[in-house]
Amino acid sequence: MPTHKAVVTASIGLHARPAAVFVRAVTETGLPVTITKAGSPGVDARSLLQVMTADFPQGCEVELRISDTALNGSLSRQKAEEALRALGELLESQGAA
């Protein structure tokens, strides 16, 4: 299962604009990405409502993942890892915005 860890840097966490920017980027990948933090079940990162209500505050370490079952013949593990890395970089760059 491809995974990538990142830290939420937006001062308001993943709420309002930062969450919308992130969810839009996830949706554009076309991949079923899950976002989770320690001690909590993951939520669908393509759902703005789920991301905003899951409480990902500033400084929170999250894990982005794509299940192996989502990797079919059209998507390599390497491409999935690259997509997750780009999404993680987006999360970590929003503190500078």
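Structure shown above.
One structure accompanies this document, and this report is about it. Here the residue numbers are simple positions, counted from 1 along each chain's written sequence. Residues qualify for local features only when their pLDDT is at least 70, as the model is predicted, and side-chain atom pairs are given and counted only at 80 or more; totals for whole chains, interfaces and linings, by contrast, use all residues. Note that water and hydrogens are dropped before the side-chain values are worked out from all heavy atoms of the structure.

Topic: the environment of His4
In step 1: With respect to the secondary-structure elements, His4 resides in strand β1 (residues 3–7).
In step 2: Buried means the residue's accessible area, taken with a 1.4 Å probe over protein chains only, is under 20% of the maximum for its type, while exposed means over 50%, and partly exposed covers the values in between. For His4, a relative accessible area of 22% gives the class partly exposed.
In step 3: Separated by 58 residues in the primary sequence, His4 and Val62 have C-alpha atoms spaced 8.4 Å apart.
In step 4: Residues are treated as being in contact if the distance between any of their heavy atoms lies within 4.5 Å. Contacts of His4, omitting those with residues within four sequence positions, involve Val62, Glu63, Leu64, Leu84, Arg85 and Gly88. Starting at the N terminus, helices and strands are each numbered in turn, a helix being any DSSP run of H or I of at least four residues and a strand any DSSP run of E of at least two.

Some thoughts on the sheet that holds strand β3 (residues 43–44)
Strands pair in a sheet through their backbones, by hydrogen bonds, and they do so in one of two ways: parallel or antiparallel.
In step 1: Taking strand neighbours across the sheet as the criterion, the four strands line up as β1-β4-β2-β3 in an open arrangement whose pairing is antiparallel. The open sheet is flanked by β1 and β3, the only strands paired with a single partner.
In step 2: The criterion for strand pairing is that DSSP finds at least two bridges linking the strands in question. Across four bridges, strand β2 (residues 34–37) lies against strand β4 (residues 61–65) in antiparallel orientation. Bridge pairing links Thr36 to Glu63 in β4.

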